[in-house]
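# Observations on the model geometry
Take a look at the letters that make up each chain.
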Amino acid sequence: MTNSTGGLEVATLAAGCFWGVEDTFRQVPGVKDIIVGYTGGHTENPTYYDVCGHGSGHAEAVEVRFDPKEVSYGDLLKVFWENHDPTTLNRQGPDVGMQYRSAIFTHGAEQAAAAEESKRSLEESGQVRRPIVTEITPASTFWKAEEYHQRYFEKHGISHCQI
């Protein structure tokens, strides 16, 4: 998906608690902005409490806006796979629940094909010992999380997740 202002593209990814995922992708050269929020569920305008209550079906996710001239979608997928466990269902570290699921929400056929290929490549590489459970699905409405979740680590002087 290309953003009409400046030629940026969007990647939407879920890999556990969105605070750590946001922080990881902010370190990637070519990433211009990140919004944390909720996607992949069935309710309108969910809140953090709705998502954590396990009734909305949403995942905590990040919407990564990136310059494809500086970083490719494939490179972002590599960061995604390397920074969480895609073999655990509805769990990352101490965080448990379907809101913490591993998911790639694709924007168009090109991203879908790249996501499927990267998953297949990782499975065949032997780097993971269990089946990958990462959901790959077309992106749906992305709901921006409450402001206090945006740039959470920066606002609170936290350097990384402590698991």
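Refer to the structure printed above.
### Looking at the nonpolar core
In this structure, Phe-25, Val-64 and Leu-76 are the most contacted members of the largest nonpolar core, which totals 32 residues. Elements that contribute at least two residues to this core include exactly strand E1 (9-15), helix H1 (18-26), strand E2 (31-39), helix H2 (48-52), strand E3 (59-66), helix H3 (73-82) and helix H4 (109-125). Here this core gets six residues from one element, more than from any other, and that element is H3. When neighbours within four sequence positions are excluded, Val-64 is seen to be in contact with Glu-9, Val-10, Ala-11, Phe-25, Val-31, Asp-33, Ile-34 and Leu-76. Membership of the second largest hydrophobic core comes to seven residues, among which are Ile-35, Ala-61, Ala-103 and Phe-105.

### Remarks on H4
Taking 1.5 Å per residue as the helical rise, H4 with its 17 residues ought to reach 24 Å, and the 24 Å between its terminal C-alpha atoms agrees with that figure. Looking only at H4, the buried set comprises Gln-111, Ala-115, Ser-118, Lys-119 and Leu-122. Around the axis of H4, the buried residues are gathered within 100 degrees of arc, so they sit on the same side. Summarising the geometry of H4, the exposed residues directed more than 90 degrees from the buried face are Ala-109, Glu-110 and Glu-124. Looking at the buried side of H4, the elements it contacts are E1, H3, strand E6 (102-106) and strand E7 (135-138). Where H4 terminates, the next one or two residues include Gly-126, which has phi positive at roughly 85 degrees.

### Some words on the side chain of Lys-119
Along the chain, Lys-119 falls in helix H4. Nearest to the buried, unbridged Lys-119 among oppositely charged side chains is Glu-123, at 4.6 Å. Ignoring anything within four residues of it in the chain, the contact list for Lys-119 reads Trp-81, Ile-132, Thr-134 and Ile-136.

### Digging into the packing of H3 against H4
Where H3 contacts H4, the two axes come as close as 10 Å, and the packing angle between them is 45 degrees. When the axis of H3 is compared with that of H4, the two are oblique. For H3 against H4, the interelement crossing comes out right-handed. Contacts between H3 and H4 involve Tyr-73, Leu-77 and Trp-81 on the former and, on the latter, Gln-111, Ala-114, Ala-115, Ser-118, Lys-119 and Leu-122. Looking at the contact of H3 with H4, its residues break down into six nonpolar, two polar and one charged.

### Overview of the pattern of salt bridges
Applying the stated criterion to the full structure yields eight salt bridges. Through salt bridges that share partners, Glu-117, Arg-120 and Glu-124 make up one connected network.

### Topic: H3
Every buried residue belonging to H3 is among Tyr-73, Leu-76, Leu-77, Val-79, Phe-80 and Trp-81, and all of these are buried. Close packing links the buried residues of H3 with E1, H1, E2, E3, E6 and H4.

### Thoughts on the side chain of Glu-60
Counting through the fold element by element, Glu-60 comes out in strand E3. Of the buried charged residues, Glu-60 lacks a salt bridge, with Arg-101 as the closest side chain of opposite charge at 10 Å. Within polar-contact distance, the side chain of Glu-60 engages the backbone nitrogen of Phe-18 at 3.0 Å.

About the criteria used
- Residues numbered from 1 in each chain as written.
- Predicted model: local features only at pLDDT ≥ 70, side-chain atom pairs only at ≥ 80, totals over all residues.
- Heavy atoms only, no water.
- Core = buried A, V, L, I, M, F, W, Y, C linked by side-chain atoms within 4.5 Å.
- Buried < 20%, exposed > 50% of the residue type's maximum accessible area, 1.4 Å probe, protein only.
- Helix = DSSP H or I, 4+ residues; strand = E, 2+ residues; numbered from the N terminus.
- Contact = heavy atoms within 4.5 Å.
- Expected span 1.5 Å × (residues − 1).
- Arc of directions from axis to C-beta.
- Lys, Arg positive; Asp, Glu negative; His and termini not counted.
- Salt bridge = Lys/Arg side-chain N within 4 Å of Asp/Glu carboxyl O.
- Axes fitted to C-alpha atoms, helices over the stretch in contact; angles between N-to-C directions.
- Parallel < 35°, antiparallel > 145°, perpendicular 65-115°, else oblique.
- Left-handed = near helix turned anticlockwise from the far one by under 90°.
- Nonpolar A, V, L, I, M, F, W, Y, C, P; charged D, E, K, R; others polar.
- Polar contact = N/O pair within 3.5 Å; in protein donor to acceptor, adjacent residues only side chain to side chain.

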